[in-house]
Amino acid sequence: MKGRFAPSPTGRMHLGNVFCALLSWLSSRSRGGVWLLRIEDLDPQRSRPEYAALIEDDLRWLGLDWDEGGSTGGSCGPYFQSLRSAVYEEYLQRLWHSGRVYPCRCTRANIMATQAPHESDGRIVYAGTCRPAHLRTGSDLMAFTCPDGPIPEHVKLRLLVPDQTVTFSDMHYGTQSVNLASHCGDFLLRRADGAWAYQLAVVVDDALMGVSEVVRGRDLLLSTPQQIWLARLLGFGVPDHCHHPLLVNESGQRLSKRDSSLDMGVLRQHFLPEQIVGWLAFLCGLTDVPEPVSARDLIPVFDWNKVPEHDICVRKDILSF
Ligand code: GLU
């Protein structure tokens, strides 16, 4: 099996990112699998090479070694998404010729102003404002025609999703059934400035890099149906998915790069790697006491059944063990 960690180098890793990396690494290592590091530096405005270098340094410091990817390289590279444009272009061309892609001129502001957020989690489902008339039926049985002419530049490109339910079994959260049209909406493949969208890049890369298991935070659980559908459309196999609970602060909000007191720059000044790993292992039920432990020593005790489904509150004082 092959697992992966796919961080975006838009800041220093924080405890939530470390938690994701640790679970993904343990899930692979406990089954003798390969672990891959892919740098998701798709957003040219927010990604920085120095953060990618720090991610590698922090992972090494934590004892989370990878077999391929990052600056180590390997046979499925490059492993930096910013270097993979030609690959994404090829798959975009295929989708474009399938007739399911259309240009979209909506701005973020007018989508936000005209559409109600989704009831369950506040996401906006695109209403299909720019969908061409011949794509309006929503049925996946309609005849798609290959558009004339090249892919337009300087506009967003969206992929039409059918009114169809995708069912998959998450290894941690169980069976999920999601209607693509009502829950996800037509989603972006490329931004107007030419930057590739996460959904396209992640599906293409996981497939071409041979990833068989995707471990990531449950905030991406509802992106999974779109990714499964896109993978099927491109003729790829679908990896196993295992989403994990999120680390949240005392007010229930997901830890983010804004919680700078929990970023690796600060944590490394005060703690040893075994203390951080031991604390996370205790928080997610792998150990009974928050004692220092190395990542390697957790391999024999790792079991997804011990990890809770509910989010995990991080009380900052616990770090002082
Ligand atoms: N690059 C994404 C992030 O840092 C992770 C995407 C994924 O694991 O599929 O949130």
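Everything here concerns the structure above.
This write-up is about the structure you can find in this document. (Residues numbered from 1 in each chain as written. Predicted model: local features only at pLDDT ≥ 70, side-chain atom pairs only at ≥ 80, totals over all residues. Heavy atoms only, no water.)

In terms of nonpolar packing, the biggest core is built from 46 residues, with Leu15, Leu59 and Leu64 touching the most fellow members. The set of elements that each furnish at least two residues to this core consists of helix H1 (15-29), strand E2 (34-37), helix H2 (49-62), helix H8 (264-270), helix H9 (273-283) and helix H10 (295-298). Considering every element that reaches this core, the biggest residue donor is H1, with nine residues. Each residue touching Leu59, except ones within four places of it in the same chain, is listed here: Phe5, Met13, Ala21, Trp35, Leu37, Leu64 and Trp66. (Core = buried A, V, L, I, M, F, W, Y, C linked by side-chain atoms within 4.5 Å. Buried < 20%, exposed > 50% of the residue type's maximum accessible area, 1.4 Å probe, protein only. Helix = DSSP H or I, 4+ residues; strand = E, 2+ residues; numbered from the N terminus. Contact = heavy atoms within 4.5 Å.)

Relative to each other, H1 and H9 sit at 75°, their axes nearing to 11 Å. It follows that H1 is roughly perpendicular to H9 by the angle criterion. Residue-level inspection shows Leu15, Val18, Phe19 and Leu22 of H1 in contact with H9, the latter providing Ile276, Val277, Trp279 and Leu280. (Axes fitted to C-alpha atoms, helices over the stretch in contact; angles between N-to-C directions. Parallel < 35°, antiparallel > 145°, perpendicular 65-115°, else oblique.)

Let us now look at H1. Here H1 spans 20 Å end to end across 15 residues, near enough to the 21 Å set by a 1.5 Å rise per residue. For H1, the buried fraction is high: 14 of the 15 residues fall into the buried class. (Expected span 1.5 Å × (residues − 1).)

Our focus in this paragraph is the packing of aromatic side chains. Following the criterion strictly, the structure yields four aromatic pairs and no others. On the numbers, 5.4 Å between centres and 50° between planes, the contact of Tyr91 with Phe236 is tilted. Pair noted here: Tyr91 is in helix H3 (residues 85-97) and Phe236 is in the loop between helix H7 (224-233) and strand E10 (240-244), with a separation of 145 residues, a long-range link. Phe236 matches Tyr91 in its accessibility class, with the two residues each being buried. The cationic tip of Arg158 hangs over the ring face of Tyr126; the distance from NZ or CZ to the ring centre is 3.6 Å. (Phe/Tyr/Trp six-rings, centres within 6.5 Å; stacked < 30°, edge-to-face > 60°. Lys NZ or Arg CZ within 6 Å of the ring centre and 35° of its normal.)

Another aspect to go through is the environment of His97. By secondary structure assignment, the location of His97 is in helix H3. For the pair His97 and Thr145, spaced 48 residues apart in the sequence, the C-alpha separation amounts to 7.9 Å. Residues contacting His97, with those up to four places away along its chain left out, are Cys146 and Pro147.

Another aspect to go through is the sheet that holds strand E3 (residues 68-69). The strand order across the open sheet built from five strands is E3-E2-E1-E9-E10, with neighbouring strands paired in parallel fashion. The sheet is open, and its two borders are formed by E3 and E10, each paired with just one other strand. As paired strands, strand E9 (residues 213-217) and E10 are joined by five bridges and run parallel to one another. Pairing of Gly217 across the sheet is with His244, part of E10. (Pairing = 2+ DSSP bridges.)

As a further point, take the pairing of E9. Among the five residues in E9, five count as buried, and that is most of the element. Here strand E1 (residues 2-5) runs beside E9; their pairing, made up of two bridges, is parallel. In the sheet register, Arg4 faces E9, and the bridge partner there is Val214. You can see the chain leave E9, run along H7 and come back into E10, and the turn it takes is right-handed. (Right-handed = clockwise from strand over helix to strand, strands pointing away.)

The next subject is the site of the ligand. Surveying the vicinity of the ligand reveals the residues Arg4, Ala6, Pro7, Ser8, Glu40, Tyr198, Val202, Arg216 and Leu220. Within the side chain of Ser8, one N or O atom sits 3.0 Å away from a nitrogen atom of the ligand. Interatomic distance of 2.6 Å between a side-chain N/O atom of Glu40 and a nitrogen atom of the ligand. Alone, the ligand offers 300 Å² of accessible surface; in the complex the protein occludes 75% of this. Residue composition of the shell around the ligand, grouped by class: five nonpolar, one polar and three charged. (Near = heavy atom within 4 Å. Polar contact = N/O pair within 3.5 Å; in protein donor to acceptor, adjacent residues only side chain to side chain. Areas by Shrake-Rupley, 256 points an atom, 1.4 Å probe, with all protein chains shown as cover. Nonpolar A, V, L, I, M, F, W, Y, C, P; charged D, E, K, R; others polar.)

An order of E4-E5-E8 is seen for the three strands of this open sheet, with the pairing classed as antiparallel. Two strands in the sheet have a free side with no partner beyond their single neighbour: strand E4 (101-104) and strand E8 (187-190). Geometrically, the sheet is characterised by an average inter-axis angle of 45° between neighbouring strands, direction not taken into account. In this sheet, strand E5 (residues 156-159) lies alongside E4 in antiparallel orientation, the contact comprising four bridges. For Tyr102, the partnering residue across the bridge sits in E5 and is Arg158. Packing of H3 onto the sheet brings it into contact with E4, E5 and E8, and relative to E8 it is tilted by some 130°.

We now examine the environment of Asn305. Its location among the elements puts Asn305 in the loop between H10 and strand E12 (312-313). Classification of Asn305 by relative accessible area gives exposed; the value is 71%. With 19 residues separating them along the chain, Asn305 and Leu286 place their C-alpha atoms 9.4 Å apart.

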